[in-house]
Amino acid sequence: SSRVVIIGAGIVGANLADELVTRGWNNITVVEQGPLSMPGGSTSHAPGLVFQTNVLKTMSLLATYTVDKLLSLEKDGQSCFNQVGGLEIATTPARHHDLKRKYGWAKSWGIPARLLSPQECLKMHPMLNKEKVLSGLYTPTDGLALAARAVQLLIARTRKAGVRYLELTPVTGIEQSDGHVTGVKTPNGTVAADIVVSCAGFWGVEVGAMIGLPIPLLPLAHQYVKTTAVPSLAGRNTQPNGASLPMLRHQDQDLYYREHGDQVGIGYYGHRPMPVTAASLGPTPKDVNEKKMPSRLEFTPEDFAPGWKESREMLPALQETEIADGFNGIFSFTPDGGPIVGQSPTLDGFWVAEAVWVTHSAGIARAVAELLTTGKSQIDITECELSRFEEVQLAPSYVNETSQQNFVEVYDIMHPLEPKQSPRNLRVSPFYTRQLELGAFFLETGGWERPHWFEVNAALLNDLPASWKPGERDAWSARYWSPIVAVEAWKTRTAVAMYDLTPFRRVEMFGPGAVDVLQRLSTNDVSSGPGAVTYTLLLNDHAGIRSDLVVARIEEDLFQVGVNNAVDQTYLAREARHQTKRNPNRWVQVRDITGATCGIGLWGPHAWDVLSSATADDFTDKGLPYSCVKRATIAGIPVTALRLSWVGELGWELYTTADNGQRLWDVIWQAGQPCGVVAAGRSAFHSLRLEKRNISYYNEMTTEHDPYEAGLESAIKVGKKGFVGQDALEQRAKKPVSRRLRCFTVDDGTSVLLNKEPIFHDGLVKGYVKNAAFGYTVGKTVAFSYLPISVSEGDTLEIEYFNQRVTATVVPWPVVDPQGHRLHG
Ligand code: FAD
């Protein structure tokens, strides 16, 4: 097998060695700067609370696997997981409400959980102050990871299997040749490798810097204390670190608790963020111990004071105790709170698995091992991808600010649409001035300011026909929403609207090999044209959907490719590099043109009237048929026009360079006035897209799904051979699917779903809401979910929204214009 070097023997590195060995790889070296018995990283002092339920399915599944694995890791009859259960309590009405949402996620992800009354909370955790608790969420399978012990057992087990460990050996550099990693440098010489995986925890930035790879994580100190013995706990736990009460989260005050024998451990996130630079900690000493390790800084009692005061109120028995020991322990935070996992975009064979909690450690290690050995992780880890960040998000100032914010918000109740407060206005489209004038309500994604609706359209609310009037919303779904969205949807379906497409990522692929690379990666035939626009899927080797692209062939050797994210771009660029190396005559280059260009989606039954009054170029069905691209001019402005519509109406995507952007907007806006053109935002776009079942990668499908399950057979070119995933796809085609993406509408016509809610059929959870939006055209919420094949059209489902059930009906899709007549005007 490949020669692998793992940097770091924390909970991630040790698990990775183990997962690779389990998969038959045997040429593995773990290089650790500290002593193996206690390396001195975050794992060495982690109190190890594992709460599995997370808003993200991926994170929950990673945690569930970690629990299973630690339970199976035994020595002397003791496993590495103390399954005491986890109790999260609410002390505010908002948290009480939010626990119901979280209970829904637990059901969606298959984690057993129960909502508890205050009395039940008290029974479960008698130390609680009954005056303070409103309710609780209890998860019996949560518990305490014995992380440092697990590392020792994993080291012993993998050593037996032949893994080599080099302790007290810092990696000081990365060797490479011809774009591929070849080894790591240490003071004792080079260790050769085909694959290097940095599991360096909060030292990740320093290791990344060895190859010029920015790692967007920030080490932050986080306070943890142990009290003196609590009299009422005396004799309860036999082990010094033992625990039998459920671990407790008191998120309203940024606190968590566990037992350590008859002492109580308290973790606190309520203090000021305390950023650290790993490099400033100096080399790891040889004599690391409990009190002296690089990841442990001096306790600052003044920062803990509010947490201590609150703890003594919440757990009154602590009034009989003092703080026996406290420290400021370091671990990693990231701009979006997720781990950082994946291969370097530019250096093949160099991987990272960092900013990983103990909670997700074994899950992440398994995912990386699977990716290395088979090319596919059974849990989709798109949300953890190293390459997911935009360039502006890699700037140290951005990482600093947003990771600190993440620390502050770690226990906060976050709405799925809630934008960052800061930094804002990092990236704006050339239409920004006009959008401001129209009263755009902006939310932020990937650094882009994106209008969700325009206040100016409020004037049209009075004209809105009764059948389009949206109902009252509950307080949660009414956040980041306005009834104006209904106006914009209505105008798009009945007149014409302008959508800002600028933030949708676009790359140019050019060179004689461009078509080769795209054909090799695509399920569809993207070789027609010039002039053709093709929707295609990208699969992994196992026929899971890794992305979808809109490929516009502008010239023989020039494609404009609509990609989903930076991960796609990294993938295309890597494949282009390999192709160019293999066959220099068929070279290809990939260039991000998103910021250098801008785009308007001009859609609606009157789109033709608008465009034809602004240009003499031929935009008829003959001049630019559906799913075609051409270069044209509009009032003298050069544009690349794609005849496509995400919202399912007649119209075009019109792209131009950034310098021409504002004028293009103005020209179309002027031409649209007689037709009542409106500017429309992301909220209407989202709703209209789902009504038309224009599904897209990540939102409605991931590597967990294949094209047959997603109902995207039309994106596979019949008879096409030799593309990535083709063999596996052929095998899948032979077997009937066991689940399918289904569309359903909520019966009462008013209830709104956001997504991730559990779905019941015949009384059992059969799936979860993959995506949903209120469909203004049909006057109902329209939602999508992968459901077992036994669920049929016409069946009734029950969806649980904040612990309340609403009924829904499985319907044929799309719910608007199934024949697609509207696309042709
Ligand atoms: P580490 O354990 O830091 O391991 C990285 C290793 O890499 C280190 O041993 C280091 O010496 C080595 N290394 C670095 N650079 C080099 C180099 N150049 N050459 C050789 N070796 C190198 N998580 C939870 O899930 N639940 C909790 O309750 C919890 N509580 C926490 C409480 C505190 C106070 C702290 C500080 C953290 C807590 N965490 C918790 C977070 C958790 O501890 C970490 O996220 C996790 O341990 C990280 O594991 P790791 O293997 O990635 O990193």
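Treat the numbers as computed from the prediction; the structure is a model and nothing was measured.

1. Observations regarding the sheet that holds strand 31 (residues 558-562)
Spatial strand order, 29-30-31-28-32: 5 strands in an open sheet with antiparallel pairing. Edge positions in the sheet fall to strand 29 (533-539) and strand 32 (589-592), since each of these pairs with one other strand and no more. Neighbour-to-neighbour, the strand axes of the sheet open up by a mean angle of 30°, direction not taken into account. Strand direction decides the pairing type here: strand 29 and strand 30 (residues 545-555), joined by 7 bridges, are antiparallel. Within the sheet, the bridge partner assigned to Y535 lies in strand 30 and is V550.

2. A closer look at the site of the ligand
With respect to spatial proximity, 36 residues lie near the ligand, and among them E32, T43, L49, V356 and T359 are the closest. Interatomic distance of 2.8 Å between a backbone N/O atom of L49 and a nitrogen atom of the ligand. A distance of 2.6 Å separates an oxygen atom of the ligand from a polar side-chain atom of T359. Protein contacts shield 97% of the accessible area of the ligand, which totals 1000 Å² for the unbound molecule.

3. Here we look at the nonpolar core
Inside soluble globular proteins, nonpolar side chains tend to come together where they are buried. Core analysis: the biggest nonpolar cluster contains 51 residues, and Y499, F744, L753 and I799 have the highest contact counts within it. Element by element, the count of residues in this core is highest for helix 11 (residues 484-494), at 6 residues. Sequence-distant contacts of I799, that is, excluding residues within four places in its chain, are made with F744, L753, E757, P758, I759, V769, Q804, R805, V806 and A808. In this structure, A17, V50, L73 and V358 belong to the second largest nonpolar core, which totals 47 residues.

4. Focus on unusual backbone geometry
Of note, the bond from S422 into P423 is cis; its omega dihedral lies within 30 degrees of zero at -5°. As for its position among the elements, P423 is in the loop between helix 9 (396-408) and helix 10 (432-437). With an omega of -15°, the peptide bond running from W813 to P814 counts as cis. Within the element layout of this structure, P814 appears in the segment after strand 44 (804-811). Of note in this structure, A543 is not a glycine but carries a positive phi near 70°. With respect to the helices and strands, the residue A543 is situated in the loop between strand 29 and strand 30. Phi at D817 takes a positive value of approximately 50°, unusual for a residue other than glycine. Within the secondary structure, D817 is located in the segment after strand 44.

Cut-off values and rules
Residues numbered from 1 in each chain as written. Predicted model: local features only at pLDDT ≥ 70, side-chain atom pairs only at ≥ 80, totals over all residues. Heavy atoms only, no water. Pairing = 2+ DSSP bridges. Helix = DSSP H or I, 4+ residues; strand = E, 2+ residues; numbered from the N terminus. Axes fitted to C-alpha atoms, helices over the stretch in contact; angles between N-to-C directions. Near = heavy atom within 4 Å. Polar contact = N/O pair within 3.5 Å; in protein donor to acceptor, adjacent residues only side chain to side chain. Areas by Shrake-Rupley, 256 points an atom, 1.4 Å probe, with all protein chains shown as cover. Core = buried A, V, L, I, M, F, W, Y, C linked by side-chain atoms within 4.5 Å. Buried < 20%, exposed > 50% of the residue type's maximum accessible area, 1.4 Å probe, protein only. Contact = heavy atoms within 4.5 Å.

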